[in-house]
Amino acid sequence: MKSTIPDTKHLPRILKSFFLIGVIAFLFTPALLAQNDYYFPGDTQFDEAIPTPEEFLGYPIGSHYTRHDRIVDYMEELARVSDKASFQVIGETVQLRPQVILTITSPENHTNLEQIQQEHLTLLDPDVEVVDAETAKSIISLAYSVHGNESSSGEAALLTAYYLVASEKEETQQFLDEAVILLDPAQNPDGRDRAAHSHNSYKSFPPVADPNDIEHNEVWPNGRSNHFLHDLNRDWFAVTQQESENRVTFFQQWYPNIQIDFHEMGTNSTYYLEPTQPERTWNPVVPEYRYDVLGPLISKYQSDALDELGSLYWTKEVFDNISPIYGSTYPDILGGVGITFEVGSSRGLVQESVSGDVTFRSTIRKHLITGIATVRAGVSEKEALFDYQKEFFRTGIEKAESQPVRAYYFGDSGDVTLTDKFLNLLLTHNIDVYALDEQQEVNGETFEPGSGFVVPTSQPNYHILHDVFESHTSFADSVFYDITAWSLAPGYGIKHEKAESGSYDRNWGTQVTELPERNGGVEGGQTDYAYLLPWSDYNASAALYSLLDEGLVVRNAHQPFVAPTRVGEREFGYGSVIVAAAEQNISERDLFEVIQSTANEFNQTFYATDTGLSRSGIDLGSRNSQVVHKPEAAIVFGNGVRSTEAGEAWFLLNRHLGMDITKIDSGDFSRADLNRYNTIVLVDGNYNQWSDSTVESLRSWVRAGGVLITSGGTSEWVIQQEIVTEDLLADESEEEAPESPRFNYEERDDRRRANSIPGIILEADIDPSNPIAFGVPNRRQLFIKQSDNFLKQSSNPYGTVARFTEDPLVAGFVNDKNLDRIRNTAALLVAEEGSGKVILFSENPNFRSYWHTTSRLFINAILFGQNVNI
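About the cut-offs
Position numbers for residues start from 1 in each chain and track the written sequence from start to end. Local features are withheld for residues below a pLDDT of 70 in this predicted model, meaning they are given only at 70 or higher, and side-chain atom pairs are given and counted only at 80 or more; totals for whole chains, interfaces and linings count all residues. Working from all heavy atoms in the structure, the side-chain values ignore hydrogens and water. Salt-bridge detection follows one rule: a side-chain nitrogen of Lys or Arg within 4 Å of a carboxyl oxygen of Asp or Glu. For helices the rule is a DSSP run of H or I covering at least 4 residues; for strands it is a run of E covering at least 2, with both sets numbered from the N terminus onward. For the exposure calls, accessible area comes from a 1.4 Å probe over protein chains only, and a residue counts as buried if that area is under 20% of its type's maximum, exposed if over 50%, partly exposed in between. Residue-level confidence of the predictor is summarised by pLDDT, bounded by 0 at the bottom and 100 at the top. Residue contacts follow a heavy-atom distance rule, with two residues in contact if any of their heavy atoms lie within 4.5 Å. Here, any two strands with at least 2 DSSP bridges between them count as paired. The convention used is that axes are lines fitted to C-alpha atoms, helices contributing only their stretch in contact, and that angles between N-to-C directions extend from 0 to 180 degrees. Pairs of N or O atoms are called polar contacts if they sit within 3.5 Å, as long as, within protein, a hydrogen donor faces a hydrogen acceptor (for residues adjacent in sequence, only side-chain-to-side-chain pairs). Put simply, angles under 35 degrees are roughly parallel, angles over 145 are roughly antiparallel, angles from 65 to 115 are roughly perpendicular, and the rest are oblique. The residue classification treats Ala, Val, Leu, Ile, Met, Phe, Trp, Tyr, Cys and Pro as nonpolar and Asp, Glu, Lys and Arg as charged. All others, Gly included, are polar. When two rings of Phe, Tyr or Trp (its six-membered ring) have centres within 6.5 Å they constitute a pair, described as stacked for plane angles under 30 degrees, edge-to-face for angles over 60, and tilted for the intermediate range. Two thresholds decide whether a charge sits over a ring: the Lys NZ or Arg CZ must be within 6 Å of the ring centre and within 35 degrees of the ring normal. Residue types Ala, Val, Leu, Ile, Met, Phe, Trp, Tyr and Cys, when buried and joined through side-chain atoms within 4.5 Å, form a set referred to as a nonpolar core. Only residues whose relative accessible area exceeds 30% and that take part in no salt bridge are eligible for patches, with like-charged residues grouped when within 9 Å of each other and nonpolar side chains (Val, Leu, Ile, Met, Phe, Trp, Tyr) grouped when within 5 Å. Every accessible area reported is derived by Shrake-Rupley at a probe size of 1.4 Å, with residue values counting cover from the shown protein chains alone. Working convention for charge: Lys and Arg count positive, Asp and Glu count negative, and His plus the chain ends are omitted. Think of each charge as sitting on NZ of Lys, CZ of Arg, CG of Asp or CD of Glu. In this scheme, a helix's expected span is set at 1.5 Å multiplied by one less than its residue total.

Quick question: what am I supposed to make of the pattern of salt bridges here?
Charged atoms that come close allow side chains of opposite charge to pair. Enumeration over the complete set of coordinates arrives at 34 salt bridges. Put simply, Glu470 and Lys498 hold a salt bridge, and the shortest N to O gap is 3.0 Å. With Glu470 in the loop between α15 (462-469) and β15 (496-499) and Lys498 in strand β15, this pair connects stretches of sequence that are 28 residues apart. In this structure Lys498 comes out as partly exposed when scored by relative accessible area, which is 31%. The residue Glu843 makes a salt bridge to Lys785 at a minimum N-O spacing of 2.4 Å.

Any chance you could explain the confidence of the model for the protein chain here in plain terms?
Caution applies to low-pLDDT parts of the model: their predicted coordinates are not meant to be read in detail. Taken residue by residue, the protein chain gives an average pLDDT of 93. The fraction at 70 or more is 95%. This model gives residues 1-29 a pLDDT under 50, and the stretch forms 15 contacts once residues within four places in sequence are excluded.

How should I be thinking about the sheet that holds strand β3 (residues 138-143) in this particular structure?
Backbone-to-backbone hydrogen bonds join strands into a sheet, with any given pair of strands oriented parallel or antiparallel. In spatial order, the strands read β1-β2-β4-β3-β5-β7-β6; together these seven strands make up an open sheet with mixed pairing. Unpaired on one side and paired on the other, β1 (85-92) and β6 (271-272) mark the two borders of the sheet. Examined bridge by bridge, strand β5 (residues 258-265) and strand β7 (residues 337-344) share eight bridges and lie parallel to one another. Each residue of the ladder has a partner; that of Asp261, found in β7, is Thr340. Sheet strands in contact with helix α12 (residues 360-380) are β3, β4 (179-184), β5, β6 and β7, and its direction is about 160° off that of β7.

Please clarify how the side chain of Ser622 should be interpreted in this entry.
Tracing the sequence through the fold places Ser622 in the loop between β24 (616-617) and β25 (625-627). A polar side-chain atom of Ser622 sits 2.9 Å from the main-chain amide nitrogen of Asn624.

Help me understand the sheet that holds strand β30 (residues 760-766) in this model?
Overall, mixed pairing links the nine strands, which are arranged β27-β26-β28-β29-β34-β33-β32-β30-β31 in an open sheet. Each having just a single partner strand, β27 (662-665) and β31 (780-785) make up the two edges of the open sheet. Direction aside, neighbouring strands of the sheet carry axes that sit 25° apart on average. The pairing of strand β26 (residues 633-637) with β27 spans four bridges and is parallel. Along β27, the bridge assignment pairs Phe637 with Asp665.

When you look at α15 in this model, what are you seeing that I'm missing?
Every α-helical turn comprises 3.6 residues, leaving residues that sit three or four positions apart pointing alike. Burial analysis of α15 places eight of its eight residues in the buried class, the great majority of the element. When we look at burial in α15, the residues that qualify are Tyr462, His463, Ile464, Leu465, His466, Asp467, Val468 and Phe469. Looking at the buried side of α15, the elements it contacts are α13 (382-400), β10 (407-410), α14 (416-428) and β14 (453-456).

How do you make sense of the packing of helix α4 (residues 68-81) against helix α7 (residues 152-166) when you look at a structure like this?
Describing two packed helices takes the angle between their axes plus the distance from one axis to the other. Packing of α4 against α7 leaves a shortest axis separation of 11 Å and a crossing angle of 10°. In terms of orientation, α4 lies roughly parallel with respect to α7. Of the residues in α7, those touching α4 at Ile71, Tyr74, Met75 and Leu78 are Gly154, Ala157, Leu158, Ala161 and Tyr162. Within the contact of α4 with α7, the residues separate by chemical class into eight nonpolar, one polar and no charged.

What am I meant to see in the packing of aromatic side chains here?
Centre distance and the angle of the planes are the two values used to describe a pair of aromatic rings. The full count for this structure, using the stated rule, is 47 aromatic pairs. Ring geometry for Tyr574 and Phe774: centres 6.0 Å apart, planes at 15°, overall stacked. With Tyr574 in the loop between β21 (568-572) and β22 (577-580) and Phe774 in the loop between β30 and β31, the pair connects residues that are 200 residues apart, well separated along the chain. By relative accessible area, which is 30% here, Tyr574 ends up partly exposed. For Phe774, a relative accessible area of 0% gives the class buried. Joined through ring pairs, the aromatic side chains of Trp236, Phe251, Tyr255, Tyr289, Tyr330, Tyr388, Phe392 and Phe393 make up one cluster. Lying across the ring of Tyr38, Arg361 places its NZ or CZ 3.8 Å from the centre. Directly above the ring of Phe790 sits Arg821, whose terminal nitrogen or CZ lies 4.7 Å from the centroid.

Honestly, the nonpolar core in this entry has me stumped. Any pointers?
Generally speaking, a soluble globular protein has its nonpolar side chains buried in company with each other. Among the nonpolar cores identified, the biggest contains 217 residues, and Phe410, Phe422 and Leu708 are the most heavily contacted of them. Among the elements that make up this core, the one with the highest residue count is α7 (ten residues). Ignoring sequence-local partners within four residues, the contact set of Leu708 consists of Ile680, Leu682, Leu698, Trp701, Val702, Val718, Ile723, Lys837, Val838 and Ile839. If you look at the next biggest cluster of nonpolar residues, it comprises ten residues, including Ala530, Leu532, Ala557 and Ile618.

How do you make sense of a negative patch on the surface when you look at a structure like this?
A surface patch of negative charge is lined by Asp132, Glu134, Glu383 and Asp387. Looking at where Asp132 falls in the secondary structure, it is placed in the loop between α6 (113-121) and β3. You can call Asp132 partly exposed: its relative accessible area is 43%.

What should I look at first to understand the environment of Ala209 in this one?
As for its position among the elements, Ala209 is in the loop between α9 (189-201) and α10 (242-254). Apart from the residues lying within four places of it in its own chain, the contact partners of Ala209 are His216, Val350, Gln351, Glu352 and Asp357.

Where do I start with helix α18 (residues 643-656) in this structure?
Taking 1.5 Å per residue as the helical rise, α18 with its 14 residues ought to reach 20 Å, and the 19 Å between its terminal C-alpha atoms agrees with that figure. Among all positions in α18, only Ser643, Glu645, Ala646, Gly647, Glu648, Ala649, Trp650, Phe651, Leu652, Leu653 and His656 are buried. Its buried side turned inward, α18 meets α16 (540-549), β26, β27, β29 (707-711) and α23 (852-864). Positive phi appears at Gly658, one or two residues downstream of α18, with a value of about 80°.

So what exactly am I meant to see when it comes to the pairing of β5 here?
Looking along a regular strand, one sees the side chains alternate between the two faces of the sheet. Summarising burial for β5: eight of the eight residues are buried, a large majority. Covered by surrounding structure in β5 are Ile258, Ile260, Phe262 and Glu264 together with Gln259, Asp261, His263 and Met265, the residues of both alternating faces. Examined bridge by bridge, β3 and β5 share four bridges and lie parallel to one another. Residue pairing in the sheet places Ala143 in a bridge with Asp261 of β5.

Help me out: how do you make sense of the pairing of β22 in this one?
What you see with β22 is no split at all: Val577 and Val579 on one side and Ile578 and Ala580 on the other are buried throughout. Pairing between strand β18 (residues 530-533) and β22: four bridges, direction antiparallel. Directly across from Leu532, in β22, lies its bridge partner Ile578. The pairing of strand β19 (residues 555-557) with β22 spans two bridges and is antiparallel. From the neighbouring strand, Asn556 faces β22, where its bridge partner is Val577.

And the structure:
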């Protein structure tokens, strides 16, 4: 690191001497003492062999945003110099940064760490007695910086690790004797470094506290999210990102008794900790004891620490524990206690607030002391924590056998890709799954061996499997922080049914411990006529795009047909792919090799046929067998665009479809040559900064033949800008309003939030014959809705691809007024404007990258938008 000591060559010799003496004294004595006095007041017993973060990094904590690689270096150094710490890499991010854990415990415990782990995991076994609290170790997880720009927690992680390793206090030694602390210093390394770079790039000397300073205002997309702009704090349950999979896999190896998720909030706020609001914000499947006894018991240690510091804080407001999607709620459905800490953020070194300046180091200190207080609680209350976790898994089976569902069946032979994707999710969450040994009929649905699986409810992990499959429409209140429909199974769009008869304990089949091996291929071998691919499997889209990228001429069927393939007659539904040998400019042998390679890469089965004459339905050369043109697509990024939604579309198209989609900054859109693209995506956002001429350019591009795909509020915007001729549901303010009501002032926040739509699952009727809906199994389509956007049905009788039903609510909370507004409105429209198309989704079809049932529609819009003709 470059020295920060100024050049002294022009100083008189005597001044040089005094200057250097002063610098040395500052660097090596008072500064370090001042740091310890600030962060560890009254603590003077530290092992001098352990370097402080300041000594190792070369600057005081709180004066600079520490890069992730330097955080990792310090954790490695602690493990190198101390037998109280061990370091491991649990995975890496998209940008190849390591995800690491520092395990802190006594040297003796380190030598028996595997034994301690195995003993702790017996708490999951209902048939084994609870561990002995005198000898067993409390497992405590401290998880920092899942939102990369909530950066104080990463710095607090450095100090917490130092304190636990270096402190020689008797209490700290007890901590390490009686607990294993799993410290994750940065759950989102890529986002953290994006934020650190921004803050460090604009810091001043002296620092500027004005909130308008650029240091406090990151540029789009800021550091909150990961590389693909996903909110990792909302991905613990769905596990769509590789960072999440690494984290959850590690969590499942330990099942911590306590996990703290460290966050930041608005600068004018103080500090938030549990307990949460009573009852109305509790997950209905988690025992109330967790919320009304254990939560307050643990939080008392944390609030005591803040009281001693003289820090203001608040509880029981805003945040909730209802859905298991967060790092602070996922532990709750696995027998632990998950807790959120939120500190008012400085978003830079110092920022003005309504109560005075908030410094970076003050936010670090609060997280430091509450983290240490958590360890204190975990040690002091470990008997209660052990008893609760044991009872949690024991009563899991009792709860399962007190409700009518014996098992959940799932799987679809027509879509093994999503079947296996869902299976992998269940295995990641350590849920017992069995492969069917014979065909099963459940509620009129058939599940076959090879693609059918069963999840018995009578298992210790009943709580989490319940939340995966079951939905709720009844709640204790109407005010929520985030989504109220969190069940995952409906989002995969594959067959799943519940069995409510028979024994809870039976021979379910063969237990699954890993994904089945799947192999694609070409049934019938090489042909000189055509290859056919059904459009039912999720990976068929990736296979199609790969063929287009290879330069092949590919058709898709706009009506079903039955073809005589070389292995017998087979039905092919809407969207099925047709690759005719005569239309290619490569040899028949080369074509076969491309088809075979594509089949193997995407685990797809192509069928060879020697004739274009179908047994029924359209023939292969029908005008309803349309050539698919390769999409040359762009998506708008940048200021005004909802970054998570942009990231979800990017992730889907890039990682699933294999598309090299162009990302155009919103500020550069007016200068872009739109004629390079035949498809443009505008996700939810605010595009009002675009000039009239920019909007006119977009309008002209559509009319000249472009395909514009919009979602959320942007679908409303393109209607308002007359880019498309469709209608919005009239705003309530335009309707005749009743006499103004009168409410108590204190109710204003709750009433505002009660009028929102907090992530609900809705049923729509979809037209499977529309190219945007190709591949859906039936007319019942489920959407996630989290906005107040309402689209009217199209006046064109073929333009409403999907319409919410008269009774649309499947899961979640929505008030009666909003439910009435939703009924019979459009979920998905397609309109022709000139020679072009506009495809309007009322909501985000790629919601958090796990709602695959509508992301399939988005992919179809990309691939087939040019072929829609209404």
